[in-house]
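Descriptive analysis of the structure
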Amino acid sequence: QLEEARQWWDGQGIGNDGTPRIFFVGSFMSVFDFKPVREAAEIAARGPSPCEFVICGDGGSSTELRAMMAGLPNVRFPGWIDRPKIEVLAERCQAALAPYRNIENFTTNLPNKIIDALSLGLPILSPLQGEVASLINDHGVGLRYGTDSGKSLFDCIQVLVNDPELQLEMSQRARQLYAERFSFDMVYGGLVKHLEKLAENGPIYDR
């Protein structure tokens, strides 16, 4: 499946050729803010070695998003992709986008896209404050952009592209953090221990 996925991406013109790439996979919804992505892509398109933005998925905001990115040769829309294609795409990218809006549901939790990026071993690029900001800052698994960070998305991309060693370090830390805190074995094991402790303490009744 992975070999088929590699051939499929090659056919899409997204090869394993060292081109700087950032990607997003998910539903196109209003909870995501792609305006900073448009701004970064526009700047990158004018540069000597343009960074590519691969935006995978579909959804209610698809028409609006495609119109926003119209005219940018470095933005690709491959549509929905399966897990093997996601894993191969991750091999050919420098970072994963998590362009959530700063609303309470996402600042007080760790959204799925954050965990997905860690599982793929990719640095996270996100404007999220709260829990995600703490995760990125405490573990060095990505970069934050936005007004409170003092950096634009393009600034963050340039940091990773111009410092391959830093990108590799963040990638390794992402994989390690996923294995230690978010993998199935760790989460399931933690749940089992929690249930065992509850059983040892006996039933709890409302009084």
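The coordinates are above.
Every value quoted in this text rests on a predicted model; they were computed, and no experiment measured them. (Residues numbered from 1 in each chain as written. Predicted model: local features only at pLDDT ≥ 70, side-chain atom pairs only at ≥ 80, totals over all residues. Heavy atoms only, no water.)

Remarks on the packing of helix α6 (residues 112-119) against helix α9 (residues 164-182)
Packing of α6 against α9 leaves a shortest axis separation of 7 Å and a crossing angle of 115°. Residue-level inspection shows Ile115, Leu118 and Ser119 of α6 in contact with α9, the latter providing Ala174, Arg175, Leu177, Tyr178 and Phe182. Along the lines of polarity and charge, the residues of the contact of α6 with α9 split into six nonpolar, one polar and one charged. (Axes fitted to C-alpha atoms, helices over the stretch in contact; angles between N-to-C directions. Helix = DSSP H or I, 4+ residues; strand = E, 2+ residues; numbered from the N terminus. Contact = heavy atoms within 4.5 Å. Nonpolar A, V, L, I, M, F, W, Y, C, P; charged D, E, K, R; others polar.)

Observations regarding the pattern of salt bridges
For the structure on display, the rule yields 11 salt bridges. Glutamate 52 is the salt-bridge partner of arginine 76, the closest N and O atoms lying 3.5 Å from each other. Residue arginine 76 is found in strand β3 (residues 75-79), and its partner glutamate 52 is found in strand β2 (residues 52-58); the two are separated by 24 residues along the sequence. A residue is classified by how much of its surface remains accessible, and arginine 76, at 24% relative accessible area, is partly exposed. Among the residues examined, glutamate 52 registers a relative accessible area of 14% and is labelled buried. Bridged by salt links that share partners, the residues Asp17, Arg21, Glu52 and Arg76 form one connected network. (Salt bridge = Lys/Arg side-chain N within 4 Å of Asp/Glu carboxyl O. Buried < 20%, exposed > 50% of the residue type's maximum accessible area, 1.4 Å probe, protein only.)

Focus: the packing of aromatic side chains
The tally for this structure, following the rule as stated, stands at nine aromatic pairs. With 4.7 Å between their ring centres and 80° between their planes, tryptophan 8 and tryptophan 9 make a pair best called edge-to-face. Residue class for tryptophan 8 comes out partly exposed when judged on its relative accessible area of 28%. By relative accessible area, tryptophan 9 is classed as buried at 0%. Here the aromatic rings of phenylalanine 24 and phenylalanine 32 are separated by 5.0 Å at their centres, their planes lie at 75°, and the arrangement is edge-to-face. Each member of the pair, phenylalanine 24 as well as phenylalanine 32, carries the same accessibility label: buried. Directly above the ring of tryptophan 8 sits lysine 85, whose terminal nitrogen or CZ lies 4.9 Å from the centroid. (Phe/Tyr/Trp six-rings, centres within 6.5 Å; stacked < 30°, edge-to-face > 60°. Lys NZ or Arg CZ within 6 Å of the ring centre and 35° of its normal.)

Observations regarding helix α7 (residues 131-139)
Along α7, the residues classified as buried are Val132, Ala133, Leu135 and Ile136. Buried residues of α7, viewed axially, fall in a sector of 160°; they line one side. Looking at α7, the residues exposed on the side facing more than 90 degrees away from the buried face are Asn137 and Asp138. (Arc of directions from axis to C-beta.)

Some points on the side chain of serine 171
The topology assignment puts serine 171 in helix α9. With residues near it in sequence (within four places) discarded, serine 171 still touches Gly121 and Pro123.

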